[in-house]
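# Summary of structural features
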Amino acid sequence: MRRAAIPLLIYGAFIAGNATMLWIWGEDAVNVGAFYFAVIVTWLVALGFAAAHWKQPDGEALRERPDLTRRALPDLSFGAGITGIAIVTMVYGARFGLFLVWIGGGLLLLGFARLAAELGSQRRDSRRHVEEGRARAGIDAEDVPP
Amino acid sequence: MSTIAARRRAPSWTGVIGATDHKVLGRNMLIAAFAFFIAGGVFALLMRLELAQPGMQLMARDSYDELFTMHGSTMVYLFVTPLALALGVYLVPLQIGAADISAPRVANIGFWLYVGGGLTMESGWLTDIGPGRAGWFSAYPLSGSDATPGFGMDLWVLGVILATAGVGLVGACLLGTIMRRRAPGMTMLRMPVFTWTELVTCLMVIGAFPVLILVMVLLYLDRQGVHVFQGFNGAIDYQQLFWFYGHPVVYVMFFPFFGAAAEAIAVGAGRRWFGYEASALSLLAFTALSMSVWAHHMFTTGGVHNAYFSLTSTALVVPAGIEYLGMLGTLVGGAIVFRTSFLFALAFFIQFLIGGLSGIFVASPPLDYHAQDSYIVVAHFHYTLFAGSIFGFFAGVYHWFPKAFGVRLREGLGKLQLALMVVGTNLTFLPMFFLGQEGMPRRVATYPASTGWGTLNVLETVGAFVIASGVLVFVVNVLSSLRSHVAAGPDPWDGHTLEWATSSPPPRHNFELLPPVRSYAPLLDLKQSGEWPRARRPEEALA
Ligand SMILES: [Cu+2]
């Protein structure tokens, strides 16, 4: 377990206790239901972080070997911006007129396509970056976790 | 020695649309929130002008309803809540030694949902019967299509959904950053106080914001003819779900500003935050309690268990007291430098105290029956929501402006702004307690001259314009300071935390080199052990 999740678990236990107290006190279903919804979300998130094993991107090595670990950070994601604007256009269109839903839908497809392309090229960039760093440092691929 | 500040480049359009650098994203969010603040402030000034005298002078009653609805909605959904997270988006990665925010693309989508939601809500002004006018919490059945028909109210509902979803996405990214991107050695109990306040804020965002989105979707469906909220129970259910969001968001609008004030206090006093572990733990308790008190907004409905919610609401004084103790403990024995950021932080704690103490009164159902729907409530929540956010925000702005822009804000103008805002805030909101006690109800556009409420109302209107002049001084300060050529340097205030270990403004990856982290004041550790140069404090410069 990752100890960073402990504060989340403490907080989760606290609201679970309060929700249960409210339930025992005899409140209506909507009230108690909303509270337990928040409890469950919190616990799922906390347990997710407690169990997480994925690599910390800016971990230990950033200090020692920045050349090996520096990720390719996206400076700009046109795809994300278009996706956000597309969603707003579609929601607005739901009340304003169907034509906006179609325009927004088209933008959304464009945004998704662009996002997919960006993520692909970012992955290739990161890999190349790490390999170049290793080559410079004369380290075998096996020595450093990806 | 002074160096020349680097020239700032104007952001390009593509850079605004697709920003993924947390610093650019945070800055864009701050600018958007500030623009909505100006709009919400103008609505407030118009209301205050109408209320200055008995009778109707400026507008129709319907317009007044629109103004108080859009004032509250703009301030809550579009200004203070996004602002609270925007500070975190900019500062948290710097404070925990991360190169970036988690899932920056998702955060960018969140930013656009927020801005788009805000514009959706405000576009109601362009419709023929005006924008939403059922109050910022739009209680049902007032917000139903029978009582409040019209396109503008629908746009209000859609705007709330979009803006809340957007801010929620940003909060989720921030939570991921705090949990997953901390630098080596930066354990949870070594995170700066401000980052702690952002962490607990994000916990409330993920628990409470989805419930608001749900209730707004249900309200939208109800307005389109699907019967969702029916009869007494329907009205109560709407309020239950709304306030399940509505109370926690009050703390979303408080914690990060408390965190900003805490940093300004600690650095201003030259001491690390007193009772750090107790403060962190009490923040968790504070947050858990603030999730458990929502129905104190419904004491007088007769539909909730008042005893439970009164108990939890009153219990809030315990963690709040611990945070105040932390502030006092930090000041005692400190070598205080009275900078603008420090003074704003001090004002934050003092002004919020009035809001907090009046909260103990309205947390008691018998007293709340008396205060309900009167100006006492308006006074209470403006001392918490306005004083408890704005003063902390400006403490943070004066503290971190040099980090973000490479130049300091002018201290003289800053102190003038503080004076105007302290005077204005108390002139505007203190008389409301007395008007409420005398029975003036909230949400009224006028009152009979025979009540004698005119004098206090004129004072309040003057106060509102004094606050506005304080904001104007701030805008002048920003514009004139940005033209300054004197670089602030990486560490102008002799800071304690990691953000002061990198250049101002920081490079794209934030840090060329990360100093070791051994406590929640890592830079102060290094300064005390002589491994890091101290910035000269003004009193040392004099000596
Ligand atoms: Cu409340």
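A quick note: this is a predicted structure, and the numbers were derived from the prediction, not measured.

### Let's talk about the overall build of chain B
- Regarding its fold elements, chain B presents 18 helices and zero strands.
- Taken over the C-alpha trace, chain B has a radius of gyration of 23 Å; the compact-globule value for 543 residues is 24 Å, and the two agree within 12%.
- Taken across its 543 residues, chain B has 65% of its residues classed as buried.
- Split by element, the accessible area of chain B, about 18100 Å² in all, is 69% carbon and sulfur.

### What to know about the side chain of Thr312(B)
Residues and elements named next belong to chain B.
- With respect to the helices and strands, the residue Thr-312 is situated in helix H10 (residues 306–315).
- Judged by its relative accessible area of 4%, Thr-312 falls in the buried class.
- When sequence neighbours within four positions are dropped, the list of residues in contact with Thr-312 reads Leu-289, Ser-292 and Val-293.

### As for the packing of aromatic side chains
Residue and element names in this part refer to chain B.
- For the structure shown, the criterion picks out 61 aromatic pairs over all chains.
- Between the aromatic rings of Trp-136 and Phe-242, the centroid separation amounts to 5.4 Å while the plane-to-plane angle is 70 degrees, which identifies the pairing as edge-to-face. Of the two residues, Trp-136 is situated in the loop between helix H4 (104–122) and helix H5 (151–180) and Phe-242 in helix H7 (residues 231–252); the sequence distance between them amounts to 106 residues. Of the two residues examined, Trp-136 and Phe-242, each falls in the buried class.
- Taken together through their ring pairs, the aromatic side chains of Tyr-77, Trp-136, Phe-137, Tyr-140, Trp-156, Phe-209, Phe-229, Tyr-238, Phe-242, Trp-243 and Tyr-245 make up a single cluster.

### Looking at the interface of chain A and chain B
- Listed by partner, the interface residues are 59 residues for chain A and 68 residues for chain B.
- Across the chain A to chain B interface the summed buried area is about 5600 Å²; carbon plus sulfur atoms make up 69%.
- The interface formed by chain A and chain B holds two salt bridges in total.
- Across the salt bridge formed by Glu118(A) and Arg105(B), the nearest N and O atoms sit 3.0 Å from each other.
- At the boundary of chain A and chain B, one finds 14 residue pairs in polar contact (both at pLDDT 80 or more).

### Brief notes about the pattern of salt bridges
Residues and elements named next belong to chain B.
- Counting across every chain of the model gives 15 salt bridges over all chains.
- Between Arg-508 and Asp-21 there is a salt bridge; the shortest N-O distance is 3.4 Å. Highlighted residues: Arg-508 in the loop between helix H16 (454–482) and helix H17 (522–528) and Asp-21 in the loop between helix H1 (13–17) and helix H2 (22–51), separated in sequence by 487 residues.
- Among the residues examined, Arg-508 registers a relative accessible area of 18% and is labelled buried.
- Asp-21 gets classed as buried once you look at its relative accessible area, which sits at 8%.
- Across the salt bridge formed by Arg-443 and Asp-373, the nearest N and O atoms sit 3.0 Å from each other.

### Concerning the confidence of the model for chain B
- In this model, chain B carries a mean pLDDT of 93, and residues with pLDDT of at least 70 account for 97%.
- The ipTM, which scores confidence in the relative placement of chains, is 0.91 for this predicted complex, and the corresponding pTM is 0.93.

### Some details on the coordination of the copper ion
All names here are of chain B.
- Every protein donor of the copper ion is listed here as His-247 (ND1), His-296 (NE2) and His-297 (NE2), and their distances to the metal cover 1.8 to 2.1 Å.
- Along the chain, the residues donating to the copper ion are arranged with the sequence spacing H-x48-H-H. Taken together, the residues span a long stretch of sequence, with His-247 in helix H7 and His-296 in the loop between helix H9 (276–290) and H10 at a distance of 49 residues. You'll find His-247 and His-296 in the same group, each marked buried.

### Observations concerning the state of the cysteines
Residues and elements named next belong to chain B.
- Per the stated rule, a full pass over the model turns up zero disulfides over all chains.
- With no disulfide of its own, Cys-173 has Cys-202 as its nearest cysteine by sulfur position, at a separation of 9.4 Å.
- Judged by its relative accessible area of 4%, Cys-173 falls in the buried class.
- On the basis of relative accessible area, Cys-202 is assigned to the buried category, the value being 0%.

### Brief notes about the environment of Phe112(A)
- Counting through the fold element by element, Phe112(A) comes out in helix H6 (residues 98–137).
- Phe112(A) sits 28 residues away from Gly84(A) along the chain, and the two C-alpha atoms are 10 Å apart.

### Focus: the environment of Val45(A)
- In this fold, Val45(A) is placed in helix H2 (residues 29–51).
- Sequence separation between Val45(A) and Ala5(A) is 40 residues; the distance between their C-alpha atoms is 9.0 Å.

### Focus on unusual backbone geometry
Residue and element names in this part refer to chain B.
- A cis amide bond, omega 5 degrees, links Tyr-140 with the succeeding residue Pro-141.
- Here the bond from Ser-504 into Pro-505 is cis, since omega is -10 degrees, no more than 30 degrees from zero.
- Relative to the helices and strands, Pro-505 is located in the loop between H16 and H17.
- Although it is not a glycine, Asp-494 adopts a positive phi angle of roughly 60 degrees.
- Along the chain, the position of Asp-494 falls in the loop between H16 and H17.
- The exposure class of Asp-494 is buried, given its relative accessible area of 2%.

### Regarding the packing of helix H12 (residues 340–362) of chain B against helix H14 (residues 375–405) of chain B
All names here are of chain B.
- Interaxial distance between H12 and H14 falls to 8 Å at its minimum, and their mutual angle equals 165 degrees. As the angle between them shows, H12 and H14 are arranged roughly antiparallel. For the element pair H12 and H14, the recorded crossing hand is left-handed.
- Grouping the constituent residues of the contact of H12 with H14 by class yields 13 nonpolar, 13 polar and no charged.

### Focus: the nonpolar core
- Counting 202 residues, the largest nonpolar core has Phe35(A), Tyr77(B), Tyr114(B), Met216(B) and Phe242(B) as the members making the most contacts within it.
- The biggest single contributor to this core is helix H3 (residues 61–95) of chain B, with 20 residues.
- Those residues within four positions of Met216(B) in sequence are excluded, and the remaining contacts are Trp156(B), Val157(B), Val160(B), Ile161(B), Tyr238(B) and Phe242(B).
- The next biggest cluster of nonpolar side chains, apart from the first, holds six residues, and it includes Ala80(A), Val88(A), Leu115(A) and Ile109(B).

### A look at H7(B)
- With 22 residues, H7(B) extends 32 Å from end C-alpha to end C-alpha; this agrees with the ideal 32 Å at 1.5 Å per step.
- The sharpest bend along H7(B) comes to roughly 30 degrees, located at Trp243(B).

### Re the confidence of the model for chain A
Residues and elements named next belong to chain A.
- The pLDDT averaged across chain A works out to 82; a share of 75% of its residues lies at or above 70.
- Ranking the elements of chain A by mean pLDDT puts helix H4 (residues 66–69) last with 49 and helix H5 (residues 78–96) first with 95.
- Taken together, the stretch residues 57–61 has pLDDT below 50 and engages in 14 contacts with residues farther than four places along the chain or on a different chain.
- Below pLDDT 50 for its whole length, residues 141–146 participates in eight contacts with residues either more than four positions away or in separate chains.

### Points about H14(B)
Residues and elements named next belong to chain B.
- At His-399, H14 shows its largest kink, close to 45 degrees, and the proline Pro-402 lies no more than four residues downstream.
- Burial analysis of H14 places 29 of its 31 residues in the buried class, which makes it a mostly covered element.
- Taking the backbone nitrogen of Ile-376 as reference, a side-chain oxygen 3.1 Å away marks Ser-374 as the first, capping residue of H14.
- The first or second residue beyond H14 is Gly-406, which carries a positive phi of 80 degrees.

Each value, and the rule that gives it
- Residues numbered from 1 in each chain as written.
- Chains lettered and ligands numbered in written order.
- Predicted model: local features only at pLDDT ≥ 70, side-chain atom pairs only at ≥ 80, totals over all residues.
- Heavy atoms only, no water.
- Helix = DSSP H or I, 4+ residues; strand = E, 2+ residues; numbered from the N terminus.
- Rg over C-alpha atoms; globule rule 2.2 N^0.38 Å.
- Buried < 20%, exposed > 50% of the residue type's maximum accessible area, 1.4 Å probe, protein only.
- Areas by Shrake-Rupley, 256 points an atom, 1.4 Å probe, with all protein chains shown as cover.
- Contact = heavy atoms within 4.5 Å.
- Phe/Tyr/Trp six-rings, centres within 6.5 Å; stacked < 30°, edge-to-face > 60°.
- Buried area = accessible area lost by both parts, 1.4 Å probe.
- Salt bridge = Lys/Arg side-chain N within 4 Å of Asp/Glu carboxyl O.
- Polar contact = N/O pair within 3.5 Å; in protein donor to acceptor, adjacent residues only side chain to side chain.
- pLDDT = per-residue confidence, 0-100.
- Donors = N, O, S within 2.8 Å, 3.2 Å for Na, K, Ca; no water.
- Disulfide = S-S within 2.5 Å.
- Axes fitted to C-alpha atoms, helices over the stretch in contact; angles between N-to-C directions.
- Parallel < 35°, antiparallel > 145°, perpendicular 65-115°, else oblique.
- Left-handed = near helix turned anticlockwise from the far one by under 90°.
- Nonpolar A, V, L, I, M, F, W, Y, C, P; charged D, E, K, R; others polar.
- Core = buried A, V, L, I, M, F, W, Y, C linked by side-chain atoms within 4.5 Å.
- Expected span 1.5 Å × (residues − 1).
- Bend = angle between axes of the 7 residues up to and from the residue.

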